[in-house]
Amino acid sequence: MFGLMQQRPLLISSLLDYAERYHGAIEIISRSVEGPIVRSNWATIARRARQVANALQRLGVNRSERIVTLAWNHSRHLEIYFGVTCSGAVLHTVNPRLFPEQVRFIVDDAEGSYVFFDVTFAPLVEQLAPQLSRVKGYVALCERDAMPAVNVPNLLCYEQLLADESDDYAWPSFDENTASALCYTSGTTGNPKGVLQSHRSAVLHSFALMAADTMAICARDSLLLCAPLFHVNCWGIPFAAAGTGAKIVLPGMKLDGASLFELIRDEDITFCGAVPTVWLNLFAWMEQNLNTTDQRHLKLKRVLSGGSAVPRVVIEKAHAYFGATMLHAWGMTEMSPLGTCGSLLARQADLDLEQRMPVHLKQGRTIYGAEVRIVDDEGRELPRDGRSIGEIQVRGPWVLSSYFKGAGGKVVDDDGWFRTGDVAHMDQEGFITITDRAKDVIKSGGEWISSIELENLAVSHPAVLEAAVIAARHPTWQERPLLLIHRKPSADVTKDELLRFLSDKVAKWWLPDDVVFVDELPHTATGKVLKTNLRDRYAGWLERA
Ligand code: AMP
């Protein structure tokens, strides 16, 4: 017997409709790319999102067509978020910090049709346009008089595009499994792979972010969104914010301590999510510029750190400077992203900071909706004893079933479990502690660097016999690449020569922080470089330097 409740599709438009109808006057604040703070609200975002939808229709954009954004965190980007998804097209946010060739690959692979870009990325767009034969047009996110002088086909002005459109548009209803957003991840080997969310997954994930045991996003919140809108849809927070009518504050391209503190103070921020590097920079600025003990009157009491393990000092300083409690979260692009979140249990809530520190340092506990387990090398589930270490697997309604276009082949097993490449143990209550990473990548300030790609480039230097790149600990960026080189007999090459050799092949922030010349690299029985051994020996190299 089936239940007799209604089958209403879970669509992103329902989140926006809610925000507009009941919380239309709640502000959306942005630090614009042009500089000044711009004040909008949910009613305006919804109205302009409908203009975006009308513009897309006029441009001939079809259901499920990919609309690319190369943009910072600001309200225009948010309007596109909703205008694209609610009308049934696919929002394809691209990370503009990637090396141009990666951006080209991603836009081309996704078959993006229109590219909406901030004027700061005009040079990048101009450089790539000749190679992006499928792109039909480029929309600069600015007013008419600020249009960049770029030579790209079919250049349009965003404000002009909207000005010509009516704000009358009825969001269509369609199958909730329709694709909503596409986000590529470089957190695995090979080319970046697309994770294609659906309306259903986005709405269910939004409910998860509203739950009291996760981010507890609610109508009383003023949310400072430091995770980029191009990183897993800013961790899904904009959608959850719409579904609660929370205030959103977007820092634009300015994530420095002074700019963020100004927003935290002036916009009564109650919740802020960021990677550890952003927290470290904010606290360093506060220490140099303010009386840090005098900021506890501010409303920021919930802070969330994710993307990398949160250092102890971040937890301590959030508590000391703001009186804020740290939520340490873990997740990944492949899971929309939230899997665990470190909200406290009843017996932990009244402990003092020092007593509950071990809890905050764990990567949070499993949330309802995301199934998380630890398995051994044979795929057998390990006991939740807080000791048994294995790879984390996940499944659930906001976990991918395959990558876009089937890249990488079958990535979940017959029961739907996806291997995350993160190594951890879990306790009885679902708290996980990440101990290692099985995937061969470096995470620097929240962004991926492929060790394999750097190694391949390094060995293409004529003096290099073998190369290995490992993640070395770094006080600000958490991890930075360290290049270990075994030179060919009698060949000579210096650190500076090698870095120069790499410098036109990768983005600047990918360049290794140091190069160590070794007599040989350790190998496994099958001939692979033994990275664990190198990590044991060299992970602290940059701290010593
Ligand atoms: P991304 O897909 O770019 O969001 O990266 C996801 C990956 O970042 C995970 O698979 C982990 O390797 C890493 N990560 C995310 N959150 C944490 C955390 N709290 N502690 C340690 N690593 C994390």
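Because the structure is a prediction, the values reported are computed rather than measured.

Draft legend 1. The arrangement of the sheet that holds strand E20 (residues 432-437) in detail. With respect to topology, 4 strands assemble into an open sheet ordered E17-E18-E19-E20, the strand pairing being antiparallel. This sheet does not close on itself; its edge strands, each paired only once, are strand E17 (371-375) and E20. Across this sheet, the average inter-strand angle for adjacent strands is 45°, counted without regard to direction. Both strand E18 (residues 390-395) and strand E19 (residues 418-426) contribute to a ladder of 4 bridges, which runs antiparallel. Its bridge partner lying in E19, Gln393 is registered against Arg419.

Draft legend 2. Geometry of empty space enclosed by the protein. A complete count under the given rule lists 3 cavities of 30 Å³ or more for this structure. One number sums up the size of the largest cavity: a volume of about 60 Å³. In terms of lining, the largest cavity is formed by Trp72, Asn73, Arg97, Cys226, Ala227, Pro228, Phe230, Gly252, Met253, Lys254 and Leu255.

Draft legend 3. Geometry of the pattern of salt bridges. The final tally for this structure, using the stated rule, is 43 salt bridges. With its nearest N and O atoms 2.8 Å apart, the salt bridge here joins Asp221 to Arg302. Of this pair, Asp221 sits in the loop between helix H7 (199-210) and strand E10 (222-225) while Arg302 sits in strand E13 (residues 302-305), placing them 81 residues apart in sequence. In this structure, Arg419 and Glu391 form a salt bridge, with 2.8 Å as the shortest nitrogen-oxygen distance. Residue Arg419 is located in strand E19, and its partner Glu391 is located in strand E18; the two are separated by 28 residues in the primary sequence. One salt-bridge network, in which partners are shared between bridges, spans Glu34, Arg48, Arg76, Glu79 and Glu159.

Draft legend 4. A look at the site of the ligand. Inspection of the region around the ligand gives 16 residues, with Ala329, Thr333, Asp422, Lys439 and Trp448 positioned closest. Thr333 is positioned such that a nitrogen or oxygen atom in its side chain is 2.6 Å from an oxygen atom of the ligand. Within the contact set of the ligand, an oxygen atom lies 2.5 Å away from a side-chain nitrogen or oxygen of Asp422. Protein burial of the ligand: of its 500 Å² of free accessible surface, 92% is covered by the chains. In terms of residues, the shell around the ligand owes the most to one element, strand E14 (residues 325-331), which gives 4 residues. Of the residues belonging to the shell around the ligand, the class tally is 6 nonpolar, 6 polar and 4 charged.

Draft legend 5. Inspection of the sheet that holds strand E3 (residues 66-70) at higher detail. The strand order E7-E6-E5-E3-E4-E8-E9 describes an open sheet built from 7 strands, whose pairing is mixed. Strands with a single pairing partner mark the edges of an open sheet, and in this sheet they are strand E7 (155-157) and strand E9 (193-198). For this sheet, the mean angle separating the axes of adjacent strands, direction not counted, is 25°. Sheet topology note: the strand E8 (residues 179-185)/E9 ladder contains 6 bridges and is antiparallel. Within E9, the position partnered with Thr185 by the bridge is Lys193.

Draft legend 6. Inspection of unusual backbone geometry at higher detail. A cis amide bond links Ser336 to the next residue, Pro337, at an omega of 5°. Summarising the element assignment, Pro337 is placed in the loop between E14 and strand E15 (338-341). Its identity as a non-glycine residue notwithstanding, Asn154 has a phi of 50°, on the positive side. Within the element layout of this structure, Asn154 appears in the loop between strand E6 (137-140) and E7. On the accessibility criterion, Asn154 (37% relative accessible area) is partly exposed.

Draft legend 7. View of the environment of Leu530. Mapped onto the secondary structure, Leu530 falls in the loop between strand E25 (514-517) and helix H17 (531-538). Placed 62 residues apart in sequence, Leu530 and Ala468 show a C-alpha to C-alpha distance of 9.2 Å. Contact partners of Leu530, with chain neighbours within four places excluded, come to Pro522, His523 and Thr524.

Draft legend 8. Geometry of the packing of aromatic side chains. Enumeration according to the criterion identifies 14 aromatic pairs in this entry. Measuring from centroid to centroid gives 5.2 Å for Tyr18 and Tyr22, while their planes differ by 50°, and the two rings are tilted. Taken together, the residues span about one helical turn, with Tyr18 and Tyr22 both in helix H1 (residues 12-23) at a distance of 4 residues. With centroids separated by 5.2 Å and ring planes inclined at 35°, the aromatic side chains of Trp72 and Phe121 adopt a geometry described as tilted. Of this pair, Trp72 sits in the loop between E3 and helix H3 (75-86) while Phe121 sits in the loop between strand E5 (114-117) and helix H5 (122-128), placing them 49 residues apart in sequence. By the burial criterion, Trp72 is buried, and Phe121 matches it. Three or more aromatic residues link up through ring pairs in this structure, and these residues are Trp42, Tyr81, Phe82 and Phe239. In this structure, Lys443 is placed above the aromatic ring of Trp448, and the distance from its NZ or CZ to the ring centre is 4.7 Å. Over the ring of Phe517 we find Arg487, and its NZ or CZ is 3.9 Å from the ring centre.

Draft legend 9. Just the side chain of His74, in detail. Tracing the backbone shows His74 in the loop between E3 and H3. Judged by its relative accessible area of 6%, His74 is buried. Not counting chain neighbours up to four residues away, the residues in contact with His74 comprise Ser30, Arg31, Val33, Asp118, Leu141, Leu229 and Leu250.

Rules used in this analysis
Residues numbered from 1 in each chain as written. Predicted model: local features only at pLDDT ≥ 70, side-chain atom pairs only at ≥ 80, totals over all residues. Heavy atoms only, no water. Pairing = 2+ DSSP bridges. Helix = DSSP H or I, 4+ residues; strand = E, 2+ residues; numbered from the N terminus. Axes fitted to C-alpha atoms, helices over the stretch in contact; angles between N-to-C directions. 1 Å grid on protein atoms, 1.4 Å probe; cavity = no way out; pocket = protein on both sides within 12 Å on 5 of 7 lines; lining within 4 Å. Points joined across faces, edges and corners; volume = space filled by probe spheres on them. Salt bridge = Lys/Arg side-chain N within 4 Å of Asp/Glu carboxyl O. Near = heavy atom within 4 Å. Polar contact = N/O pair within 3.5 Å; in protein donor to acceptor, adjacent residues only side chain to side chain. Areas by Shrake-Rupley, 256 points an atom, 1.4 Å probe, with all protein chains shown as cover. Nonpolar A, V, L, I, M, F, W, Y, C, P; charged D, E, K, R; others polar. Buried < 20%, exposed > 50% of the residue type's maximum accessible area, 1.4 Å probe, protein only. Contact = heavy atoms within 4.5 Å. Phe/Tyr/Trp six-rings, centres within 6.5 Å; stacked < 30°, edge-to-face > 60°. Lys NZ or Arg CZ within 6 Å of the ring centre and 35° of its normal.

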